[in-house]
Amino acid sequence: NAGVTQTPKFQVLKTGQSMTLQCAQDMNHEYMSWYRQDPGMGLRLIHYSVGAGITDQGEVPNGYNVSRSTTEDFPLRLLSAAPSQTSVYFCASRYQANYGYTFGSGTRLTVV
Amino acid sequence: KNQVEQSPQSLIILEGKNCTLQCNYTVSPFSNLRWYKQDTGRGPVSLTIMTFSENTKSNGRYTATLDADTKQSSLHITASQLSDSASYICVVSAGGSYIPTFGRGTSLIVHP
């Protein structure tokens, strides 16, 4: 099992550019989430999904879009990158609400 | 508002020594508490899970305790090794909620 796969691992964007962070899991997990991690702030929830076709906002959703067309994939779109979006992004999945997360290895994004 | 507070923020110990990390939470209704280990540049990995009825759980040299009355948990690391250098994150789930509450983590450095 590959678990949770995130691509790319590193990305540099210019302010105003858009991009999609990819996340795929092969564990048939219903729940998937996107977090960002900043120094001293811990992990903060951006968006989450409880199944294909169902998404909802987390704590810091502004500037990001998500969709969940399949159980396996949960891409995160940055609409118009800003320097404040410089961060490390983690995708995570879990079987059900009270189960533990399996995290991807992260995407380090720098916006200049 | 659900909150998870961890202490200390950072800790430096010598190899072979023991240490204890603390987690205080105000999450209601309590469902479970997990400790995650996050190595530098990697995603968090689950160490232990504790439910309301459990007060101690071990995973090798890691022992987690839970006091549901005082809403406190601790993670005790015995005979520390260099590989224990990481961030340790306490995560508490509330019953009926899709979104767990993350602490900001304790950064542990083990020196030879």
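Preceding this paragraph is the structure being described.
Throughout, residues of each chain are indexed from 1 in the direction in which the sequence is written. Key to labels: chains lettered from A, ligands numbered from 1, both in the order written. In view of the model being predicted, local features appear only for residues whose pLDDT reaches at least 70, and side-chain atom pairs are presented and counted only at 80 or more, with totals across whole chains, interfaces and linings using the full set of residues. The side-chain numbers reported here are obtained from all heavy atoms of the structure, hydrogens and water having been left aside.

So, about the nonpolar core. Residues belong to a common nonpolar core when they are buried Ala, Val, Leu, Ile, Met, Phe, Trp, Tyr or Cys residues joined through side-chain atoms within 4.5 Å. Buried residues are those whose accessible area, probed at 1.4 Å on protein chains only, stays under 20% of the maximum for their type, while exposed residues exceed 50% and partly exposed ones sit between those limits. Among the nonpolar cores identified, the biggest contains 24 residues, and Tyr25, Leu33, Trp35, Leu75, Tyr88 and Val92 of chain B are the most heavily contacted of them. Secondary structure follows DSSP: runs of H or I at least 4 residues long count as helices, runs of E at least 2 residues long count as strands, and numbering of each begins at the N terminus. Elements with a contribution of two residues or more to this core: β3 (19-26), β4 (30-38), β5 (45-51), β7 (62-67), β8 (72-77), β9 (86-94) and β11 (106-111) of chain B. Tallying contributions element by element places β9 of chain B first for this core, with five residues. Excluding residues within four positions of it along the chain, Leu75 of chain B makes contact with Cys19, Thr20, Leu21, Trp35, Leu47, Tyr62, Thr63, Ala64 and Tyr88 of chain B. In this structure, Tyr64, Tyr89, Cys91 and Val111 of chain A belong to the second largest nonpolar core, which totals 19 residues. For this analysis, residues touch if any pair of their heavy atoms sits within 4.5 Å.

What follows is about the pairing of strand β11 (residues 107-111) of chain A. Residues and elements named next belong to chain A. Residues of β11 alternate between two faces, with Thr107, Leu109 and Val111 buried on one and Arg108 and Thr110 left unburied on the opposite face. One requirement defines pairing of two strands: DSSP has to find at least two bridges between them. Two strands pair when backbone bridges link them, and strand β2 (residues 10-13) and β11 are joined in this way by four bridges, in the parallel orientation. Considered in β11, the bridge of Leu13 is made with Val111. Across three bridges, strand β9 (residues 87-94) lies against β11 in antiparallel orientation. Bridge pairing in β11 links Val88 to Arg108.

Below, the discussion takes up the sheet that holds strand β3 (residues 19-25) of chain A. In sheet architecture, strand pairing relies on hydrogen bonds along the backbone and comes in two forms, parallel and antiparallel. Residue and element names in this part refer to chain A. One open sheet holds the four strands; their spatial order is β1-β3-β8-β7, and the pairing between them is antiparallel. Both edges of this open sheet fall to β1 (4-7) and β7 (64-66), since each of them pairs with a single strand only. Between one strand and the next, the sheet's axes are offset by a mean angle of 20°, whatever the strand orientation. Note: β1 against β3, four bridges, orientation antiparallel. Within the sheet, the bridge partner assigned to Val4 lies in β3 and is Gln25. To obtain an axis, a line is fitted to C-alpha atoms, over the contacting stretch when the element is a helix, and the angle between two such axes runs from 0 to 180 degrees between their N-to-C directions.

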